[in-house]
Amino acid sequence: MKRRWVEQLLALGLVAGAPVAGGAEDRMVPFWPQAVTDAIHGEIDGGAALRTVRDLGRFHRVHGSPGFTAAAEMMRERLIAAGLADAAIERFPADGTTRYAHFRSYLGWNPTEASLEEVSPHARPIARFPDLAVALADYSQDADVTAELVDVGRGAAPADYAGKAVRGRLVLASGPLPLVHRRAVEERGAAGFLSDYPNQRTAWSGDDRDLVRWGHLSPYQTGNTFAFMLSARQSQDLRNRLAAGEKIVLHARVSARMVPATYDVVTATIAGQERPGEEVVLTAHLCHESAGANDNASGSAAVFEIARALRSAVARGTLAAPRRTLRFLWLPEIAGSQAWLVRHPEAARATVAGIHMDMVGGLLATTHGTFHLSRSAESHPHVVDEIARAWLAAVVRASERYAERGGDAYAGLAWPSGSRESFLTDLRGVEMGSDHQVFEEASFGVPMVYFHDWPDVTIHTNKDLPENLDATKLGRVAFLGAGIAWTLAALPDAEAPRLLAVTRAGLAERAACAGLRAELSGYARDAALIRREAAVVTSATLRSLGALWPSAAGAAGTEEARLRDPSPMAPLADSDGRVPVRNPDVRGPLGVYYYDHLAEMLGPDAEVETALARRDGGEVLTWEALNLVDGRRSVQEIRDVLTGRYEPVPVAEVAEYLDLLARARVVSWR
Ligand SMILES: [Zn+2]
């Protein structure tokens, strides 16, 4: 597969046609001899990745459940069969009391079976678990109840219950499940409830009235009764009948217990030969509800395919053993990452960078999902972003050529059982919502690129199934991930000048975009900040390149010195000079899956909404505001970095958020 890489990068607007040392034009990726790229391609099998998705999809993979344990065991066995001899499962207590820094673990769950039937007036089955795995809300517990059904609307506020007798009855509610449980069951004595709490909002929301969404009760509430999940059609039918005055009696039977369990983390490595103590990490969360095909059997399968393929190439000698160690992790989402990182403080320090995959195999026509490659956090710029960009350009170009001209399907990175379309994707800034927000958090500081499909109209529903996935896309994603990881782990120092050239080109484009943003800014000081922070990002990225490839350190250093901002910003008259200092006991993000540290510290009904959080992208801005707390930057300086690297934000909004964190003792004032 020979491609002119300069042409590929030009097509993505990456280089200005700068001449590069001879021979490079035969390369698909500029900094790798074609034999290396071919060796990786030759091992990756998109069809095999899809088969792994199907196998994982059979397990109901709730955190701390027998289904998760079984899926983890299957992964470990397959890794060992693939020659990754050190594959193991690490188990971290999930019992409601063990803490991983500030994060208090929650209980596991042991569901066996459940059924919901209408007794009268029309005897008929409504839902059965495990036939329909999402029918039973997670953390439901034993019950055998025959009772009348009452419609309470959302069921989230006391007013929803005005004039309604719910004690001993079943309620039908559309509000958030833990809150409905509190209002209906704990406060008013209902026996349990039925829920059609809606799914993530997209342009397609509500179109498919037969989707059944997975729901969960609080994993901390040991007094949980139960909830059954219904489709919009089922619940509307029941509502209409109740509104017409029908008396509906249901029989609910649940066999399930919340139990002390473990967060099981599957780990395996390919050992580095030159710098075995330095690691490159590839992660995917192994949960969720069966089938959970795109979310996230797909990422799990793609990471497995990378591990298998690279190990096989090394064993066969088509690739030399890597310089740095490659580590592969399959985790219970976010909670497992937090437990693993807190219990392995040495691991974050040893990890140079990583790749996280969460939802990577959806067929566009079915899931309406586009593949996105998110750069590392702006607080932590790294050369992994530019390596990822170059590999992405190569995959896009190969897929486009094939889709547009036909010919060699293999060269087009198409797999026989998969699609033939172009790889539809973009490169974008960091977004929240998966394990990378733990790894990248300042306490751990592992720069990561994040692979993710969004939207996906089947997410967290009974229709997230293997048949919506594409072997070609899984193969391309695995090839892309393998290429990025192999570059970080194995690129010889001799190739570093080419990587430096590619990195400079990518950074020039980013700086040009920042320059445009500065020009369009109406405020001279903000414009200067945007330019200053673009230079800081460029410097940091070049520095990270020099740290990994010493031969490039000199050139990167020269560039960096040239870019270093000579004039610090003049302070403002109304600036906020207070310096927040981080509480060392709070490591990792404040929200750890079901755990909310602000609610834990300030109470469940405390006002924790802030103007910064309400912004579009507020989740990233608040996460980054805490990442930027280093005991030296003032509130004003944190505001200035956010403004320069993300968007202009008023200092008062940053102050309001940090004041909230101070009340929750996440930070103190120096
Ligand atoms: Zn996910």
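In this text, all values refer to a predicted model and were calculated from it rather than measured experimentally.

Draft legend 1. Seen up close, the overall build of the protein. Of regular secondary structure, the protein possesses 21 helices and 21 strands. Against the 2.2 N^0.38 benchmark of 26 Å for 670 residues, the protein shows a C-alpha radius of gyration of 26 Å, consistent with a compact globule. Taking the principal axes of its C-alpha atoms as reference, the protein extends roughly 80 × 65 × 45 Å. Taking all 670 residues of the protein together, the buried fraction comes to 54%. Within the protein, counting contacts between residues at least 6 apart in sequence, those at least 24 apart form 76% of the total.

Draft legend 2. Broad picture of the pairing of strand S8 (residues 192-195). Residue alternation in S8 divides its side chains into two sets, Gly192 and Leu194 and Phe193 and Ser195, and both sets are buried. Relative to S8, strand S7 (residues 170-173) runs parallel, the two being bridged by 4 bridges. Following the sheet pairing, Leu172 is matched in S8 by Leu194. Looking at chain direction, S8 and strand S9 (residues 227-229) are connected through 3 bridges and run parallel. Within S9, the residue paired with Ser195 across the bridge is Met229.

Draft legend 3. Structural context of the sheet that holds strand S6 (residues 143-151). The strand order S5-S4-S10-S6-S7-S8-S9 describes an open sheet built from 7 strands, whose pairing is mixed. Two strands in the sheet have a free side with no partner beyond their single neighbour: strand S5 (124-129) and S9. On average, each strand axis in the sheet is tilted by 25° relative to the strand beside it, whichever way the strands run. Relative to strand S10 (residues 249-259), S6 runs antiparallel, the two sharing 6 bridges. Of the residues in S10, the one forming a bridge with Asp144 is Arg253. Across the face of the sheet, helix H5 (residues 177-186) comes into contact with S7, S8 and S9 while running at roughly 140° to S8. The sheet strands contacting helix H6 (residues 232-243) are S5, S6, S7 and S8, and the helix crosses S6 at an angle near 65°.

Draft legend 4. View of the sheet that holds strand S12 (residues 275-285). Spatially, the 8 strands line up as an open sheet ordered S1-S11-S13-S12-S14-S17-S15-S16, and their pairing is mixed. Every other strand in the sheet has two partners, leaving strand S1 (88-94) and strand S16 (425-428) as the edge strands with one partner each. On average, adjacent strands in this sheet sit at an angle of 20° to one another, irrespective of strand direction. Relative to strand S14 (residues 351-357), S12 runs parallel, the two sharing 6 bridges. Counterpart to Val281 in the pairing with S14 is Gly354. Against the sheet, helix H8 (residues 335-343) engages S1, strand S11 (261-270) and strand S13 (324-331), with an angle of about 65° to S11. Against the sheet, helix H11 (residues 384-405) engages S14, strand S15 (370-374), S16 and strand S17 (448-454), with an angle of about 165° to S16.

Draft legend 5. Region of the structure containing the nonpolar core. Counting residues in each nonpolar core, the largest one holds 199 residues, and the members touching the most others are Phe228, Leu310 and Ala485. It is helix H13 (residues 471-490) that provides the largest number of residues to this core, a total of 13 residues. Not counting chain neighbours up to four residues away, the residues in contact with Ala485 comprise Val280, Leu282, Ile306, Leu326 and Ile355. Counting 6 residues, the second largest nonpolar core, distinct from the first, contains Ala514, Ala518, Ile530 and Ala534.

Draft legend 6. Looking closely at H6. Compared with the 16 Å implied by 1.5 Å per residue over 12 residues, the 16 Å span of H6 between its first and last C-alpha is a close match. After H6 finishes, the residue Gly245 shows a positive phi value of roughly 95°.

Draft legend 7. Up close: the domain arrangement of the protein. Under the domain assignment, the protein is made up of domain 1 (32-104 + 262-490), domain 2 (108-259), domain 3 (493-563) and domain 4 (580-669). Each of domain 2 and domain 4 was reduced to a C-alpha centroid, and the two centroids are 35 Å apart.

Draft legend 8. Highlighting unusual backbone geometry. Cis peptide bonds are those with omega within 30 degrees of zero, and the linkage from Ser120 to Pro121 qualifies with 5°. Tracing the backbone shows Pro121 in the loop between strand S4 (108-120) and S5. Look at Tyr139: it is not a glycine, yet its phi comes out positive at around 70°. On the neighbour-count criterion, Tyr139 (32 C-beta atoms within 10 Å) is buried. Of note in the backbone geometry, Ile334 takes a positive phi value of approximately 60° without being a glycine. Within the fold, Ile334 resides in the loop between S13 and H8. On the neighbour-count criterion, Ile334 (25 C-beta atoms within 10 Å) is buried.

Draft legend 9. Layout of the packing of H11 against H13. At their nearest, the axes of H11 and H13 sit 9 Å apart, and the two run at 145° to each other. Judged by the sense of rotation from one axis to the other, the crossing of H11 with H13 is right-handed. Contacts between H11 and H13 involve Val384, Ile387, Ala388, Trp391, Leu392, Val395 and Ser399 on the former and, on the latter, Arg476, Phe479, Leu480, Gly483, Ile484, Thr487 and Leu488. Residue composition of the contact of H11 with H13, grouped by class: 10 nonpolar, 3 polar and 1 charged.

Draft legend 10. Up close: the packing of helix H14 (residues 496-520) against helix H15 (residues 524-548). Contact pair H14 / H15: the axes reach a minimum separation of 9 Å and the direction vectors enclose 170°. In terms of their interaxial angle, H14 and H15 are classed as roughly antiparallel. Residues Leu499, Leu500, Thr503, Leu507, Arg510, Ala511, Ala514, Gly515, Arg517 and Ala518 of H14 pack against Ala527, Ile530, Arg531, Ala534, Val537, Thr538, Thr541, Leu542 and Leu545 of H15. In terms of residue class, the contact of H14 with H15 is built from 12 nonpolar, 4 polar and 3 charged.

Draft legend 11. Summary view of helix H16 (residues 550-563). When the terminal C-alpha atoms of H16 are compared, their 20 Å separation across 14 residues agrees well with the 20 Å that a helix rising 1.5 Å per residue should span. At Ala556, H16 is bent by approximately 25°, the largest bend along its length. Considered for burial, the residues of H16 that qualify are Ala552, Ala556 and Glu559. Packed against the buried residues of H16 are H14 and H15.

Draft legend 12. How the structure looks around the environment of Ala561. Position of Ala561 relative to the elements: it lies in helix H16. A tally of 9 C-beta atoms within 10 Å means that Ala561 is categorised as exposed. Considering only alpha carbons, one finds Ala561 and Ser539, 22 residues apart in sequence, at a separation of 8.1 Å.

Each value, and the rule that gives it
Residues numbered from 1 in each chain as written. Predicted model: local features only at pLDDT ≥ 70, side-chain atom pairs only at ≥ 80, totals over all residues. Helix = DSSP H or I, 4+ residues; strand = E, 2+ residues; numbered from the N terminus. Rg over C-alpha atoms; globule rule 2.2 N^0.38 Å. Buried ≥ 20, exposed ≤ 12 C-beta atoms within 10 Å, placed from the backbone. Contact = placed C-beta atoms within 7 Å. Pairing = 2+ DSSP bridges. Axes fitted to C-alpha atoms, helices over the stretch in contact; angles between N-to-C directions. Core = buried A, V, L, I, M, F, W, Y, C linked by C-beta atoms within 7 Å. Expected span 1.5 Å × (residues − 1). Domains from an automatic or database assignment. Left-handed = near helix turned anticlockwise from the far one by under 90°. Nonpolar A, V, L, I, M, F, W, Y, C, P; charged D, E, K, R; others polar. Parallel < 35°, antiparallel > 145°, perpendicular 65-115°, else oblique. Bend = angle between axes of the 7 residues up to and from the residue.

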